[in-house]
Amino acid sequence: MSVSVNSSSSRINLNPVGVSVPRIDGRGIVTGQTKYVFDVSFPNMLVGKMIRSEHPHARIMSIDTSKAEKLPGVRAIITAKDTYNIKYGSNEYFFPHTVDQLPLESEKVRYIGDEIGAIAAVDEETAEEALKLIDIQYEVLPSVTDMLEAMKPGAPQLHDALNNIGVILPVNFGNPNRALKESYLVREDNFYASAAAMAALEPHVCVGQWETFSNKITLWASSQAPFKCREALAKTLKMDLNDIRVIKLAVGGGFGGKLEMLPMDFAACLLSKKAGGLPVKMCYNREEEFSFSRRKHAMHYKIKSGVTKDGVLTGMTGEVIADGGAYCSYGPTVMAAAIMRIFMVYKIQHFRISGYRVYTNTPISGAMRGFGGVQSGFAIESHMDLLAKDLGMDPIEFRLKNITTSNMVTVNKMYLTTNGLKECIEKAATAADWKNKRGNAGYYKTGILRRGIGIGIAADVMGSKMYKSHESAGAIVKVEEDGSVYLFTGAADTGQGSNTALSQIAAQSLGIKYERIKCKSGDTEITPFDTGSFASRVTFISGNAALRAGKDAKMQILEIVAQELKLDISDLDIIAEEVINLKDKSVLMNFDKALELCYSFNYGKQIIGRGSYNPKTTPIDFRTGEGNVSGSYGFEAQIAEVEVNVETGDVRIIKMWDAHDIGKAINPQAVEAQIEGSLAMGIGYTFYEDLKFKNGRVVNPNFANYRIPHSIGIPPMESILVETNDPEGPFGAKGMGEASLLPTSAAIANAVEDAIGVRIKDLPITPAKVIKALKDKEAQGEPV
């Protein structure tokens, strides 16, 4: 169920912003005609496979590829000796010491699956057979796969990082020790959030071709950030950016796992060069996807907080330890998000939490939807409920006393302009009938089935200046002579529908119907630069670029009209396909007639609008923790109602409510789809998802043993859209999507405690954990 939905698929959309127009790519997707990278095919195309380590930690002594080279059908083999041995990383601009991964490892491997080389052959069977003929001699080294063990003195060292701590992030404001000492009540809790897989339906796949006649590369990739992929390729291959073209085709899910160049992208290009320019396709199978791609960081989260007698937060201290796996990836960003998101949500002046991202001999942890906010959301929002319980306060009352407000500056210098958090909480509580359900002794609190209700709140950024010196996005709007309009954007639509939203923004800005727009996105050779699809940035940042490009095109058209009619251009506008005189509201001509004039003999004006947007932000100063990392911030409140079977430990969600401050809904139906997708992902992480390892190897690398929610098991959901009309957003819009995922686990855990009086502090929440908690409660003499 949802609210605030406008449907207009059966009519022309003259003013498309705020309307649930059909997806611009929808027909192609549902008819199966949309082209994904796996569909790319060329004559004589080769199949590539990675040569991987069999050990979690070992020194490479020798690699003998001679037998594989003689196998009929093998066209190319590469190892580190064919490369420049240049390391790459994802947080290089602010954290150069975290650049620690080679495209192909030359001396040492650090996890099972670490990339050593690659093979290209005429078919997959030949490539697989060639892998078996590669002879690699190792000196096996001691390994460490547990993050807490890895931090101990004397543990095996993966890199030149003391106690395997690759990233240390201390965040300190005020005097938290004194604040805690002076508090009426102090509480400390420890939480654990498990590792998780991206589980995208489309695995990692790419096609690389090195044109030997031009010495240029084209990479077709399933990527969330084609321009970032191009940068990494240029660096590691020692090439100019303009000699590399990355083309993003349709993406079957990314969730952060497709933000980086992987060794397979590098290998496909280099194999093509060695094979004389033949294109090379590389595609992970499902086991490889689970075992060797990026994953969510497992985290230990310790929090101690103080409050006054009337429930005002006084101070907070804590420690966050994250399992980073073998290389750094997006480690600094994940740690920053895990620690500093709290400042967007709660007014707190005295604070000290230190984060430690630890190397282990396990697959690499990277960016996953919400970065570290999902783990911290579970810990912090569970902790807030426990503080409220200790005070005897309603959890909503406690939160309303402590949340941030509009037009305020946080202790770490974030500038919160529009802030609908209070309205989100109140609307969600009303919709869920919170007052009549929470803690009500007569509300399903006896018998086998017990019901409870819980809340979690969150906030998120609209982009984050943590990767480059700028975070700009560009757009081009080209208006053809026949009236068709092309939007070129570097933003990467990975399934969330950004091509549709950006097309709506461009159409509204230009003053035309949505149906005129055709969108081309994510091609580094023909579209303007864009950082990528992450941090809920596309609608806000790329949307502003599209808006400006549309306005620029409009002004070019109006300039010709004004010149022809001898009017002042400031008195003209294009609205709903008509050129309007703003003084008397008269219609001067329609859009097509205006274009005829532009392309007429007297003018011959080609209409090409350009737009660029760089948000008014400041990067985080990691020495102090200060920085306004986003041009705007989104807020949300989420409520879960659950039913717990005290005999089996099964938890069933009755319904979920999500109230989201989205500034302005560009496409309400798409907004609700994003919210519902996030809730489904959060439900999976709460109840099922737990990527398990044994001696560094993933032991559940398939959907038979790694569970995710199915569509038939998703509970009813109600989306409540709170529109605060952000002054910096395109038509008032903010980014959204990730924020809905952040509080889900906590809302459910809080509802479970309301139902049966036990607290689960480690994810996932399984029937076995529920039963154990109930038995422990009974052993302490408390009624169950």
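The following refers to the structure shown. Since this is a predicted model, take the numbers as computed values, not measurements.

## So, the sheet that holds strand β27 (residues 607–613)
Strand pairing in a sheet takes place through backbone hydrogen bonds and is either antiparallel or parallel in direction. Judged by pairing direction, the sheet is mixed, and its four strands sit side by side in the order β23-β22-β21-β27 without closing on themselves. Every other strand in the sheet has two partners, leaving β23 (517–521) and β27 as the edge strands with one partner each. For this sheet, the mean inter-axis angle between neighbouring strands, taken without regard to orientation, is 15 degrees. In this sheet, strand β22 (residues 485–489) lies alongside strand β21 (residues 473–479) in antiparallel orientation, the contact comprising five bridges. Bridge pairing in β22 links Val479 to Val485. Running over the sheet, helix α15 (residues 498–510) touches β21, β22 and β23 and is turned about 130 degrees from β23.

## Points about the environment of Ser143
Along the chain, Ser143 turns up in the loop between β6 (135–140) and α4 (147–150). A relative accessible area of 36% means that Ser143 is categorised as partly exposed. Distance in space between the C-alpha atoms of Ser143 and Val722 is 50 Å, their sequence separation being 579 residues. If we skip the residues at most four places from it in the chain, Ser143 touches Pro56, His57, Pro156 and Asn361.

## As for unusual backbone geometry
With an omega of 0 degrees, the peptide bond between Leu763 and Pro764 qualifies as cis. Secondary-structure assignment places Pro764 in the loop between α19 (744–756) and α20 (767–779). One non-glycine residue, Asp433, lies in positive phi territory at about 55 degrees. The phi angle at Ser536 is positive, at roughly 50 degrees, despite the residue not being glycine. You can see Ser536 is positioned in the loop between β23 and α16 (538–565). Judged by relative accessible area, Ser536 falls into the buried class, the value being 11%.

Conventions used here
Residues numbered from 1 in each chain as written. Predicted model: local features only at pLDDT ≥ 70, side-chain atom pairs only at ≥ 80, totals over all residues. Heavy atoms only, no water. Pairing = 2+ DSSP bridges. Helix = DSSP H or I, 4+ residues; strand = E, 2+ residues; numbered from the N terminus. Axes fitted to C-alpha atoms, helices over the stretch in contact; angles between N-to-C directions. Contact = heavy atoms within 4.5 Å. Buried < 20%, exposed > 50% of the residue type's maximum accessible area, 1.4 Å probe, protein only.

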